[in-house]
There are 2 protein chains.
Amino acid sequence: MTKPLLLKNLRLMGAAKTDVLIEDGRIARIASEVTPSGDVTVEDCDGALVLPGLIDAHAHLDKTLWGMPWHPHQQGKSLQQMIDTERHLRHELDMDAERQSSRQVALALSKGTTAIRSHVDIDTDHGLTLFEGVAATRDRYAEVMQIEIVAFPQSGMMIRPGTFELMDQALRDGAEIVGGLDPCGIDRDPKGQLDAVFGLAEKHGKQIDIHLHEPGEMGAFSLEMILDRTEALAMQGKVTVSHAFCLGMNDQARVAALLDRIAALDVSLATTAPASRPVPSVAACRERGIAICAGNDGIRDTWTPYGNACMLERAMLVGLRNNFRADVEVAWALDTCTTEGARVMGLEGYGLTESSRADLVLVDVEAVSEAITLRPPRRLVISGGQIVARDGVAEATWQTA
Amino acid sequence: MTKPLLLKNLRLMGAAKTDVLIEDGRIARIASEVTPSGDVTVEDCDGALVLPGLIDAHAHLDKTLWGMPWHPHQQGKSLQQMIDTERHLRHELDMDAERQSSRQVALALSKGTTAIRSHVDIDTDHGLTLFEGVAATRDRYAEVMQIEIVAFPQSGMMIRPGTFELMDQALRDGAEIVGGLDPCGIDRDPKGQLDAVFGLAEKHGKQIDIHLHEPGEMGAFSLEMILDRTEALAMQGKVTVSHAFCLGMNDQARVAALLDRIAALDVSLATTAPASRPVPSVAACRERGIAICAGNDGIRDTWTPYGNACMLERAMLVGLRNNFRADVEVAWALDTCTTEGARVMGLEGYGLTESSRADLVLVDVEAVSEAITLRPPRRLVISGGQIVARDGVAEATWQTA
C-alpha cells in the first residue's frame, strides 16, 4: 500500500489553485487547502496545471523500434508493402515484443499516458508470440498503465488461412478486443471477413475495433457493412472504427448521413489525424455525440520514423488537422486524448474529481491550450495514485532495459 | 574578434566523426583530427550530429505574443476576420514590435535558427512602427541572425488608401523585399495590386514575396497573373509565392502545368505545410528543380495558438504533410528548412563545408531523420562562428526581457 500523497498548489485544468489528497489510488479530496495529517507524502506543485491521464486509444505496442539502433525506413508506401516488409523485418531485426512494448510503455508513462489500447499483430508467421509479449508487458505495468489488447489480423485473415484460429485462441487467452482490417482492400472478401470478426466478438462476448484505411466510396461501403452488422447483432456501443478515412471524403451529404448512422448505433471512432490523408472531422462527430478518440498509432517502427509516444503532441496534430485555434477548440483536441479515449475504452473512474482514479499529469504552463502548443516535459505524472514520472523521466521502478 | 573555436568529435549530417575549426565566423577546417594551437576555445561534442543553421523563410516577427500572458484565441476563422482582429488587438494588448520580435528571435536562436525572412505588417493604422520595431531587432541581432524584412500589406493595399505610400517608404527605409497578399481574395483588384507590387519592386530594385492563400482556380488565376508579370518584367529568380494553396488542388494536370511554368520562370515557393489546407507537393517541386522553402509562419499570435519557433518541428510537419517516411524523404523535409531556405534568401556561404559561414546546430541523435522525429533540445547552436545557445537555452548576451 502506497502512502497517501498530498499535492499542494495545483490548477486542475487551469482552474484556481487547490490541494489534492490522493489515497488508495484515488483522488480522496480536492479543496483550497488540505492540511497534511498522519504519514503523508507532500509535494508542492508551484501552481502547475493538471490534466487527467492521457489516453493513447490506438497504439501498436508490438511494432516499435524504440531503443534499438536507428533503422533506415525502407519499404514502399502501399499498405500491402508495409505489411509484408514488417512481417519479414520482425525476424531480421530481433524485435522482441515484450522488450519493445515495455520500452514504449515506459516512454508513454514519462509523457503522461496512463491508458493504452494496443492492437497486436496476429499472423501465421508469428502465431501468438507478439500477443504473449505484449500481454506480459500489460501484466507487468498493470498498476500504472491500463492496457487493452486488440487481437489484430494485420496481415489479413481471409487471405492467410490459420489466422482466424489464432485470433480465436488469442481471445481465449485474454485479448480484450477483436480486431479487423480493411475487409475490401486487404482481405478482398468483406462479407467473409466481417462475418468472421463479428462472429468472434459474439462467441467471446467481446468488443470490436476495426482498422479502416479504405478511402472514399470503397471505405463507405465497408463502413456500411460494419454498421449493418452492428445493428443486426445489437452491438451498439461495442464497435470502434479506427482511421475511417472515408469519412474525410468530399461528398459532404454522404458523410453526414454516415455520421448520423454511426451516432445512432453508438459506434465510436479512433483517429490519428494524419496530415496527408482525409480524416473524419472531430467537430462533426462532437455535434452528433459520437465518441472520437485519438492515438499515436505506430511510433518509430517499420511503418514510420515519426512519433515519441507523447499524446500532447497528438493533441496538437489533431488540432492542426482540424484547424482548431480557439481555446475551446484546442480543448476538443485534448478531449480526443483524454475523456473521449476513456469513453471508448470504458475506463472506470476516469477524471479529475473526488473519488476518481488518481491519474494526473502536471505541466508547468499557464493555460490548457499552452500544454498542447508547448508540450514541456511533464513535471509529475501520477498513475493509480503512484508517482510514475518526474521532469519527463519515468521513475526507476518503471524503466526498462 | 571572437577566439577561434575548435569543435571535437562531431558528425556532419550524420557522417563519420570529424573535428571542425571555426575562425573569423567561418568554418576554417574540417578534418578527422585538428590539434588545437594558440588561443583557441575547445568544445568536445561527444559525437553529436550537426545540421547547418535552420532557416525560417516565412515568419511574422511583429505578430507573436510570446512571453506575454496567455491570450485566449478569439477571432473568427475567415482571413478578413483574422486581419481585422489582429489590427485592433495590437493596440489593446500592447504588442510592442521591437520587444516581441526580439523575444521570437532569441527563442529561434535557442532552437537553432540562424536566418529568418520575416513579413512585417504595413498598414494605415500602424504606419511604419511595426517595421521600425522589427528593423531595430534585425540590427541588434545582425551578428547572429540574418533577418530579411518583407514590407507586407497585411490589411490590403488597394482597399486601404495610403498603404502603397507606406510600402514605398518602408522600402526606402531598408525593407529588403516587397510583399503582397491575395490580390483577388483581399484586395479585390488583382491587376491593380499586382501592378503596384511589381512596380515597387522595379522602382526599388527589390525582390517580391507574395502571400497567396487563394484556393483552387481563383488562386491559379492570381498565380498566373504573378507569373505573367515575372516573365514580362524579367523578374526570374526574384519572386517567391508563399503558401500557394492553389497548387494543392485536385486537378493534377492543371497543377503540373503551373509547376512547369513556375520552374521555367525560377519562381520559388514557401510553405508552412498546414495539415488542414491543400499544399504544394515538395516532391513535385523538387522533381522540377523549383526552390521550395519552409517557415513557421506566425507563432503564438492572434492568428494561432500553436508554434514554438522550432524549425525541426516544421520539418516534421512538412514530412507528415507530404507523407515522407524514408530517410531520403525526411531529408527533403529538412532541406525545406535549411538549404532551400538559403537558396530562396540567397544566403552567402551557407553550408557545412570549409569556408562556409559557421552556422551549426548540434543535436544528440543518431541519424538526421531522428533529429526531426525526436527534436531534442539543441546541444549547441553556433551562428556566425559564435556559440549562441547551449542545451536549448540562448546565451545570456542574446536573451531578452
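Residues numbered from 1 in each chain as written. Chains lettered and ligands numbered in written order. Predicted model: local features only at pLDDT ≥ 70, side-chain atom pairs only at ≥ 80, totals over all residues. Heavy atoms only, no water.

Colleague: Looking at this structure, how should I read the overall build of chain A?
Modeller: Within chain A one finds 12 helices and 16 strands. For chain A, the C-alpha radius of gyration of 21 Å lies close to 21 Å, the compact-globule estimate for 401 residues. Dimensions of chain A, computed from C-alpha atoms along their principal axes, come out at roughly 65 × 45 × 40 Å. Among the 401 residues that make up chain A, the fraction classed as buried is 64%. At a minimum sequence separation of 6, the contacts of chain A that also span at least 24 residues come to 75%. Of the roughly 13700 Å² of accessible surface on chain A, 50% is carried by carbon and sulfur atoms. The averaged location of the 57 negative side-chain charges in chain A is 2 Å from the averaged location of its 39 positive side-chain charges. (Helix = DSSP H or I, 4+ residues; strand = E, 2+ residues; numbered from the N terminus. Rg over C-alpha atoms; globule rule 2.2 N^0.38 Å. Buried < 20%, exposed > 50% of the residue type's maximum accessible area, 1.4 Å probe, protein only. Contact = heavy atoms within 4.5 Å. Areas by Shrake-Rupley, 256 points an atom, 1.4 Å probe, with all protein chains shown as cover. Lys, Arg positive; Asp, Glu negative; His and termini not counted. Charge placed at Lys NZ, Arg CZ, Asp CG, Glu CD.)

Colleague: How should I be thinking about the domain arrangement of chain A in this particular structure?
Modeller: It is common to report an interface's size as the accessible area lost on association of the parts. Residues and elements named next belong to chain A. Here chain A is described as being made up of domain 1 (5-52 + 350-392) and domain 2 (54-345). Between domain 1 and domain 2, the residue contacts involve 21 residues of the former and 22 residues of the latter. Carbon and sulfur atoms make up 65% of the area that domain 1 and domain 2 hide from each other, which totals about 1800 Å². Taken as a group, Tyr350, Ile372 and Arg378 account for 31% of the area that domain 1 buries against domain 2, more than any other trio of residues on that side. Our count for the domain 1 to domain 2 interface comes out at 5 residue pairs in polar contact (both at pLDDT 80 or more). Sorting the residues of the side of domain 1 that touches domain 2 by element identifies β4 (41-52), α12 (368-374), β14 (380-383) and β15 (386-390) as the ones contributing at least two each. (Domains from an automatic or database assignment. Buried area = accessible area lost by both parts, 1.4 Å probe. Polar contact = N/O pair within 3.5 Å; in protein donor to acceptor, adjacent residues only side chain to side chain.)

Colleague: Would you mind going over the environment of A:Ser242 with me for this structure?
Modeller: Residues and elements named next belong to chain A. Among the secondary structure elements, Ser242 is positioned in strand β10 (residues 239-243). For Ser242, a relative accessible area of 0% puts it in the buried group. Distance from Ser242 to Arg26, taken between C-alpha atoms, is 31 Å for residues 216 residues apart in sequence. Among the polar contacts made by the side chain of Ser242, one reaches the side chain of Asp209 at a distance of 2.8 Å.

Colleague: Help me understand the environment of A:Leu51, please; the structure alone is not making it clear to me.
Modeller: Note on placement: A:Leu51 falls in strand β4. Once you skip the residues sitting within four places of it in the chain, A:Leu51 turns out to touch A:Met13, A:Leu312, A:Leu334, A:Leu352, A:Asp359, A:Leu360, A:Val361, A:Val363, A:Val368 and A:Ala371.

Colleague: For this particular structure, what's the right way to read the interface of chain B and chain A?
Modeller: Listed per partner, the contact involves 36 residues of chain B and 36 residues of chain A. The contact between chain B and chain A buries some 3400 Å² in all, and 56% of this surface belongs to carbon and sulfur atoms. Contact with chain A buries surface across chain B, with B:Trp70, B:Tyr306 and B:Arg325 losing the most and accounting together for 24% of the total. Between the two partners, chain B and chain A, sit 4 salt bridges. For A:Glu313, the salt bridge is made with B:Arg375, and the minimal N-O distance between the two is 3.2 Å. Elements with a contribution of two residues or more to the side of chain B that touches chain A: α9 (311-321), α10 (327-336) and α12 (368-374) of chain B. In terms of residues, the side of chain B that touches chain A owes the most to one element, α9(B), which gives 6 residues. (Salt bridge = Lys/Arg side-chain N within 4 Å of Asp/Glu carboxyl O.)

Colleague: Explain unusual backbone geometry to me, please; I cannot follow it from the model alone.
Modeller: Among all residues except glycine, the phi angle is most often negative; among peptide bonds, the trans geometry is most common. Residue and element names in this part refer to chain A. For Ala234, which is not a glycine, the phi torsion comes out positive at approximately 50°. Structurally, Ala234 can be placed in the loop between α6 (216-232) and β10. Its relative accessible area of 51% is what places Ala234 among the exposed residues. Phi at His243 is positive, roughly 75°, even though this residue is not glycine.

Colleague: I tried to follow the side chain of A:Arg375 on my own but got confused; where do I start?
Modeller: Within the secondary structure, A:Arg375 is located in the loop between α12 and β14. On the basis of relative accessibility, which here comes to 12%, the residue A:Arg375 falls in the buried class. A polar contact of 3.2 Å, which involves the side chain of A:Arg375, links it to the side chain of B:Glu313. When neighbours within four sequence positions are excluded, A:Arg375 is seen to be in contact with A:Leu312, A:Glu313, A:Met316, A:Glu370, B:Asn308, B:Glu313 and B:Arg375.

Colleague: Looking at this model, I keep getting lost on the relation of the copies chain B and chain A. Mind explaining?
Modeller: Here the two chain copies are tied together by a rotation about an axis and a shift along that axis. The two copies are related by a screw operation: chain B maps onto chain A through 180° of rotation and 0.0 Å of translation along the axis, at an RMSD of 0.0 Å. The relationship between the two copies is best expressed as a two-fold rotation axis. Scanning chain B for the C-alpha nearest the rotation axis identifies B:Ala275, at a separation of 2.3 Å. Looking at the interface residues of chain B, 100% of them are also at the interface in chain A, so both copies use one shared face. (Least-squares fit on C-alpha atoms with pLDDT ≥ 70 in both.)

Colleague: Teacher, can you tell me more about the packing of aromatic side chains here?
Modeller: All names here are of chain B. By the definition in use, this model includes 4 aromatic pairs over all chains. Their ring planes at 40° and their centres at 5.5 Å tell us that Tyr141 and Trp398 sit as a pair that is tilted. Taken as a pair, Tyr141 in the loop between α3 (129-140) and β7 (146-152) and Trp398 in the segment after β16 (393-394) lie far apart in primary sequence, 257 residues in all. Both rings, one in Phe324 and one in Trp332, keep their centres 5.5 Å apart while their planes meet at 85°; by these two values the pair is edge-to-face. Residue Trp332 is classed as partly exposed on the basis of its relative accessible area of 23%. (Phe/Tyr/Trp six-rings, centres within 6.5 Å; stacked < 30°, edge-to-face > 60°.)

Colleague: What should I look at first to understand the packing of helix α5 (residues 190-204) of chain A against α6(A) in this one?
Modeller: The axes of two packed helices give the description: the angle between them and the distance between them. Residues and elements named next belong to chain A. Where α5 contacts α6, the two axes come as close as 11 Å, and the packing angle between them is 35°. In this structure, α5 crosses over α6, and the sense of that crossing is right-handed. Facing α5, whose interface residues are Pro190, Lys191, Leu194, Asp195 and Phe198, α6 presents Phe221, Ser222, Met225, Ile226, Arg229 and Thr230. Split into classes, the residues belonging to the contact of α5 with α6 amount to 6 nonpolar, 2 polar and 3 charged. (Axes fitted to C-alpha atoms, helices over the stretch in contact; angles between N-to-C directions. Left-handed = near helix turned anticlockwise from the far one by under 90°. Nonpolar A, V, L, I, M, F, W, Y, C, P; charged D, E, K, R; others polar.)

Colleague: How should the sheet that holds strand β2 (residues 18-23) of chain A be read in this particular structure?
Modeller: Picture the strands of a sheet paired through backbone hydrogen bonds; they go either parallel or antiparallel. Residue and element names in this part refer to chain A. The 8 strands are arranged β3-β2-β1-β4-β13-β14-β15-β16 in an open sheet whose pairing can be described as mixed. Only two strands of the sheet have a single partner each, and these edge strands are β3 (26-31) and β16 (393-394). In this sheet, β2 lies alongside strand β1 (residues 5-12) in antiparallel orientation, the contact comprising 4 bridges. Looking at the pairing, Leu10 lines up with Thr18 of β2. (Pairing = 2+ DSSP bridges.)

Colleague: Could you clarify how one ought to interpret the pairing of strand β8 (residues 177-181) of chain B in this entry?
Modeller: As a general feature of sheets, a regular strand has side chains that alternate between the two faces. All names here are of chain B. Across the 5 residues of β8, 5 count as buried, placing the element largely inside the fold. Burial along β8 is two-sided: Ile177, Gly179 and Leu181 facing one way and Val178 and Gly180 facing the other are all buried. Direction of pairing for β7 relative to β8: parallel, over a ladder of 2 bridges. Bridge pairing in β8 links Ala151 to Val178. What joins β7 to β8 is helix α4 (residues 163-172), and the crossover it makes is right-handed. One ladder, built from 5 bridges, connects β8 with strand β9 (residues 207-212); its direction is parallel. Across the sheet, Gly179 pairs through a bridge with Asp209, a residue of β9. Handedness of the β8-helix α5 (residues 190-204)-β9 crossover: right-handed. (Right-handed = clockwise from strand over helix to strand, strands pointing away.)

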